[in-house]
Amino acid sequence: MVIPGRMPGLNDYVRAERANRFAASKMKKEQTERAGIAAVEQRMPRFSGRVEIVFTWIEENRRRDMDNVAFAKKFILDGLVRAGVIHDDTPQYIAGLADRFAYDRQRPRIEVEVRSA
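In this text, all values refer to a predicted model and were calculated from it rather than measured experimentally.

Caption draft 1: Local environment of the environment of Pro-8. Looking at where Pro-8 falls in the secondary structure, it is placed in the loop between strand E1 (2-4) and helix H1 (10-19). Looking at Pro-8, the relative accessible area reads 15%, which means it is buried. A C-alpha to C-alpha distance of 11 Å links Pro-8 and Ile-76, two positions 68 residues apart in sequence. Beyond its immediate sequence surroundings of up to four residues, Pro-8 is in contact with Met-27, Gln-31, Arg-64, Phe-71, Ala-72 and Phe-75.

Shown next as structure tokens:
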């Protein structure tokens, strides 16, 4: 699955949380929905057993720290659950998560690969 653009990082989330008590919740809801819609539109298969998920974070530049960027996996995992791609995001269903990073000034995006464990 490919999610165009970038998602908010941890710093963005914390800033929203401190600014307004509802802003962070709204951000999570919007980004979770964005990931779920991408999964449905791209016809991601459904997995009933354990999976491994590889996230490739393709940023437009190197300004954001990798751990800040990868925070958005929470939104994506919740979106995959909501879309029915995975049953749950607990260790019972997730065997492993991996992050990769690349850069593309013209087309930042997040590539998500889900495979049976």
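Don't stop here, the text continues.
Caption draft 2: Up close: the nonpolar core. Counting residues in hydrophobic clusters, the biggest one holds 30 residues, and the most contacted among them are Met-1, Ile-53, Ile-76, Leu-80, Ile-86, Val-112 and Val-114. Contributing elements (two or more residues each) for this core: H1, helix H2 (23-41), strand E2 (51-59), helix H3 (66-70), helix H4 (73-82) and strand E4 (109-116). The leading source of residues in this core is H2, at five residues.

How each quantity is defined
- Residues numbered from 1 in each chain as written.
- Predicted model: local features only at pLDDT ≥ 70, side-chain atom pairs only at ≥ 80, totals over all residues.
- Heavy atoms only, no water.
- Helix = DSSP H or I, 4+ residues; strand = E, 2+ residues; numbered from the N terminus.
- Buried < 20%, exposed > 50% of the residue type's maximum accessible area, 1.4 Å probe, protein only.
- Contact = heavy atoms within 4.5 Å.
- Core = buried A, V, L, I, M, F, W, Y, C linked by side-chain atoms within 4.5 Å.

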